[in-house]
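A look at the structure
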Amino acid sequence: MSIGSVSLGVVTAQDDTVFRVIEPVAYRAAGMLATPSERAGHVVDLLWLPLVGGDTNAQPVPTGLAESWEVAADNMSVVFTLRQDAKFSDGSPITAADAAWSINYQIMSGHPDIYGQHDFFPARREYANIVGAQEVFDGGIPADEFGAADVAGIIVVDDYTLRIEFTQPTLFMLNNLQFARIAKAESVLASAGKTYADDAYWTTESGTVFSGPFMLESFTSGSGMTLVPNPYWFGAAPTVSRVESIFVQDLSSGIAAFENGEAEVIDFTMTPIDVANLASSEYLQSSLVSYPSLSVVQLFVTPFRPMDDVHVRRAISMAIDRQALSNVLGGGDGQTTYQVISGHFAPANVNCGDQFASVVGMPYDPAAAQAELALSPYAAEIATMPLNMQLGMFGMPLSQDLIIAQVVQAMLQQNLGITVNIQSSPIADFNAPPYPTHLWPNEQGDHFIDQMAFMNNLASLNSADPLPDEAQMGMVTMPRVPELLDLMAQAAAATDITSRCEILAQAQQVWVDQVYTIDLFTLDSSMLIAPYVEGEVINNFGGSLSFRETLEGLSYNR
C-alpha cells in the first residue's frame, strides 16, 4: 500500500495473553506517567487508580478509590468514603492520606516554577477552586518538584474518609476529580535531588509503586513500555497478562506496523486526511472505528510581539477563511468531516448549547482585517515581523498541521502582507523556546461535559500584567484578557447550570472578540482496532479507548 510496509521488529506471533498498542513517541513520556491527566483513556491510565471513577460519558461512578461521596447542599464541600480493599502494587493499603498527598502533589505541579518541566498536568483547571490551591498556582509557597503542597481544603478525616472544601460553589468537581490519580509518596520523594533527562522521571525508576490495575515492568526510552497486572488489584482481573505499548515516530510507521499484525490497537489521533489514506487496504478499512469528535482545533496564540496586540490578533483571525481551510482539508466543497466553529466549543457537546448558540464567530473579511491591522501600533513594521508557526506540538498530526500551516501562511501573506515561517523541528523546552512561537496548531480534546473546565484549561494560562519579558516567556502562555478572567470567576461562583452557561456564553464572546485563540474547526476522528478484538469499550467523550474496562472483558476472535 502507499504508506509502505515497514516493520518495527516486533514479534508478530499470535499471543492471546498480550495486548499490544502503538502510540506516538512523546516528549516527556515519563512525565505523563507521573501526572497522567491529559493521557486519560490511554495506556498509562492503567497504572493509576483515580479518586473518582468515570463511565464512558465521563459521569462520576464509584469505580475509583471512592466508593461513595456526599456533596454538601451548598456545593462548597464533598466528603468521600474510600474503599478499604484498594492496595498499591507493593501490597500496602491505599488510604485517605495517600489520596490527600497525591492531590497535593498534582496541585504542586501547577506551581509557576514547576509547570511544564515534565508534563502539563492542568492542575490550575481541575483544582483552582480547592481552598488554598490558588496560593500555590500564584507561586506563594516554595516550589518542590518531588513534594506535595499542603492546602487547607484537603482534609484527612480518618484512614478512609477524605473531605475537600472549595472557595465557591463547585458544580462539576466530581468530574474534575476523575483526574486525581493516586501515587505513593515514597516513590516520588525518593527522587528528590535527582536530575532527569527528557525521557525519564521518577516513574521509570526501578521499584516505583503504582495504584492501578497494572504496573510498569519496563520502560525503554523512545521505544516503548511493558505493563503487567498489579497482583493486589481489587477489581476484576484483566484478561491479558501483559500490555505492550510500542512507540513510533509518526503515524505512517504506526499504520504500517499495525497492518503487519504487530498490534491490536493504534492509539493515534487520526484525522479524515489519515483515514482517506487507508482506502487501499481492506484490513485497515475493517479495523477503522470512527466517532464524532468533541475537540476544538485551534491556533494557539502566544503573545510574543506582535501577537500581544489585540488588533493584530483580530486582523489575523479575520484574514483566515475557515471554510476554505476546512474544504482543503476535507477534500473539496461540500465536505462535512471538518466543521467550522463559531467559538471555543464543539457543537456536539450539548452542555450550554442553548446559550452558546448566541456566540458570533469572527467573520472572514480581508478588508476589515486590513482596517483592523491599521489600528495596531505594529502596523508600520508588521511586514518585517515574520511570525513563527510551530508544528507537531503534543502529538498533533503533522499531516493535518502542515496543511493548516501552509493554507494560513498563504492567506496571511495575501490578505495582510504578513510572512509566516513554518517550523517543524522539535522544541526541547516548552518554557524556553529557541525562537518566538507566535502560533501553533493545537487540538483541545473535550473529554468531559463541563464547558467551564474545558474553557478553564486555557483561560487559566492568561498572561500576567504586564507581560513577562520575551526572554522568559514560554510557549504555553496566552494573551492578557482580564475581562475573560473576570467572567470565568463569575461563572465559577454561579450556583445553577443555567446561570453558569449564560455567563460562559459571554466569556465565549469575549474569547472570540479578543482572539484568545484562533478557533478553526471540529472534525470527525477515528482509530484502528484489529477486527479480531472483541469487548472493546469506547469513551463517548473524546472517543478514546477505555483501557481499564476493555481489558476486563477483552477477547480475541481470530
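Predicted model, so just to flag it, every value in this text is computed and none were measured.

Describing the environment of Pro 238
Structurally, Pro 238 is set in the loop between strand 9 (224-229) and strand 10 (242-248). For the pair Pro 238 and Pro 482, spaced 244 residues apart in sequence, the C-alpha separation works out to 49 Å. Every residue in contact with Pro 238, bar those within four places of it in the chain, is listed here: Phe 214, Pro 229 and Leu 551.

Observations regarding the confidence of the model for the protein
Averaged over every residue, the pLDDT of the protein is 88; the share at 70 or more is 91%. Note on residues 1-12: pLDDT under 50 across the span, and 28 contacts to partners over four residues away in sequence or across chains. For residues 27-41, every residue scores under 50 in pLDDT, and the model assigns this stretch 67 contacts once sequence neighbours within four places are set aside.

Re the state of the cysteines
Here the structure, examined in full by the defined rule, presents one disulfide. Each sulfur of the disulfide joining Cys 352 and Cys 501 lies 2.0 Å from the other. One quick way to see it: the torsion about the S-S bond of Cys 352 and Cys 501 is about -70°, and its sign makes the bridge left-handed. With Cys 352 in the loop between strand 14 (338-340) and helix 12 (353-356) and Cys 501 in helix 17 (residues 497-514), this pair connects stretches of sequence that are 149 residues apart. For the pair formed by Cys 352 and Cys 501, the shared burial category is buried.

A closer look at the side chain of Asp 519
By the secondary structure assignment, Asp 519 is in strand 18 (residues 517-529). Of the buried charged residues, Asp 519 lacks a salt bridge, with Arg 322 as the closest side chain of opposite charge at 6.9 Å. A polar contact of 2.8 Å, which involves the side chain of Asp 519, links it to the side chain of His 344. The residues touching Asp 519, leaving out its near neighbours within four places in the chain, are Val 296, Val 297, Gln 298, Arg 322, Ile 341, Gly 343, His 344 and Trp 511.

Side note on the pattern of salt bridges
A complete count under the given rule lists eleven salt bridges for this structure. Two residues, Glu 372 and Arg 314, come together in a salt bridge whose shortest N-O distance is 3.4 Å. Placement of the pair is Glu 372 in helix 13 (residues 366-374) and Arg 314 in helix 10 (residues 310-318), with a sequence separation of 58 residues. On the basis of relative accessibility, which here comes to 22%, the residue Arg 314 falls in the partly exposed class. What you see here is one network of salt bridges that share partners, running through Glu 217, Arg 242 and Glu 244.

Focus on helix 14 (residues 398-416)
A rise of 1.5 Å per residue sets the reference length of helix 14, with its 19 residues, at 27 Å; its end C-alpha atoms lie 26 Å apart and thus fit the reference within 8%. Taken residue by residue, helix 14 has Gln 400, Asp 401, Ile 404, Ala 405, Val 407, Val 408, Met 411, Leu 412, Asn 415 and Leu 416 as its buried positions.

Describing helix 2 (residues 96-108)
Taking 1.5 Å of rise per residue, 13 residues should cover 18 Å, and helix 2 covers 18 Å from first to last C-alpha, within 8% of that figure. Taking burial as the measure, the 13 residues of helix 2 include twelve buried ones, the bulk of the element. Every buried residue belonging to helix 2 is among Ala 96, Asp 98, Ala 99, Ala 100, Trp 101, Ser 102, Ile 103, Asn 104, Tyr 105, Gln 106, Ile 107 and Met 108, and all of these are buried.

Some details on the side chain of Glu 264
Here Glu 264 lies in the loop between helix 7 (251-259) and strand 11 (265-270). A polar side-chain atom of Glu 264 sits 2.6 Å from a polar atom in the side chain of Arg 20. Filtering out sequence-adjacent residues up to four positions away, Glu 264 remains in contact with Val 18, Phe 19, Arg 20, Phe 258, Leu 528, Ile 529, Ala 530, Tyr 532, Val 533, Tyr 556 and Arg 558.

A short note on the pairing of strand 8 (residues 214-220)
With six bridges joining them, strand 8 and strand 9 adopt antiparallel strand pairing. Its bridge partner lying in strand 9, Leu 216 is registered against Leu 227. With antiparallel pairing between neighbouring strands as the criterion, strand 8 and strand 9 make up a hairpin whose turn holds three residues, including Gly 222 at a positive phi of roughly 75°.

Regarding the pairing of strand 10
Among the seven residues of strand 10, five are classified as buried, and the element is accordingly described as predominantly covered. Relative to strand 10, strand 1 (residues 18-24) runs parallel, the two being bridged by seven bridges. For Phe 19, the partnering residue across the bridge sits in strand 10 and is Val 243. Here strand 9 runs beside strand 10; their pairing, made up of four bridges, is antiparallel. Its bridge partner lying in strand 10, Gly 224 is registered against Ile 246.

Remarks on the packing of helix 10 against helix 13
Running from N to C, helix 10 and helix 13 cross one another at 165°; their axes reach a closest spacing of 8 Å. Classed by the angle they form, the pair helix 10 and helix 13 counts as roughly antiparallel. Pair helix 10 / helix 13 crosses with left-handed handedness. In this structure, helix 10 contributes His 311, Val 312, Arg 314, Ala 315 and Met 318 to the contact, and helix 13 contributes Pro 366, Ala 368, Ala 369, Glu 372 and Leu 373. Taken together, the residues that form the contact of helix 10 with helix 13 break down as seven nonpolar, one polar and two charged.

A look at the sheet that holds strand 5 (residues 77-82)
One open sheet holds the four strands; their spatial order is 4-5-7-6, and the pairing between them is antiparallel. Where the open sheet ends on each side, the last strands, each with one partner, are strand 4 (66-71) and strand 6 (154-158). In this sheet, adjacent strand axes meet at a mean angle of 20° when their direction is disregarded. Bridge count for strand 5 against strand 7 (residues 161-165) is five bridges, and the pairing is antiparallel. Bridge pairing in strand 7 places Ser 77 opposite Glu 165. Sheet strands touched by helix 2: strand 5, strand 6 and strand 7. Its angle to strand 6, the strand with the most contacts, is close to 175°.

Thresholds, definitions, all that
All chains use their own residue numbering, which begins from 1 and follows the written sequence. The predicted origin of the model limits local features to residues at a pLDDT of at least 70 and limits the giving and counting of side-chain atom pairs to 80 or more, whereas totals for whole chains, interfaces and linings rest on all residues. Side-chain numbers here rest on the full set of heavy atoms in the structure, without hydrogens or water. For helices the rule is a DSSP run of H or I covering at least 4 residues; for strands it is a run of E covering at least 2, with both sets numbered from the N terminus onward. In this description, contact between two residues means that some pair of their heavy atoms is separated by no more than 4.5 Å. By definition, pLDDT measures how confident the predictor is in each residue, and it falls between 0 and 100. Here, two cysteine sulfur atoms that lie within 2.5 Å of each other are counted as a disulfide. Only protein chains enter the area calculation, which uses a 1.4 Å probe; residues under 20% of their type maximum are buried, those over 50% are exposed, and those in between are partly exposed. Charged residues are defined narrowly, with Lys and Arg counted positive, Asp and Glu counted negative, and His plus the chain ends left uncounted. For this document, the term salt bridge refers to a Lys or Arg side-chain nitrogen within 4 Å of an Asp or Glu carboxyl oxygen. Definition of a polar contact: a pair of N or O atoms within 3.5 Å, with one able to donate and the other able to accept a hydrogen when the atoms are protein atoms, and with sequence-neighbouring residues admitted only if both atoms are side-chain atoms. A helix's residues, less one, multiplied by 1.5 Å, set its expected span. At least two bridges found by DSSP between two strands are what make those strands a pair. Here an angle of 0 to 180 degrees is reported between the N-to-C directions of two axes, which are lines fitted to C-alpha atoms, with helices fitted over the stretch in contact. The cut-offs work like this: below 35 degrees is roughly parallel, past 145 is roughly antiparallel, 65 to 115 is roughly perpendicular, and the gaps in between are oblique. Handedness of a crossing is defined here by the sense of rotation of the near helix relative to the far one, left-handed for an anticlockwise turn of less than a right angle and right-handed for a clockwise turn. Note on residue categories: nonpolar means Ala, Val, Leu, Ile, Met, Phe, Trp, Tyr, Cys or Pro, charged means Asp, Glu, Lys or Arg, and polar means any other residue, Gly included.

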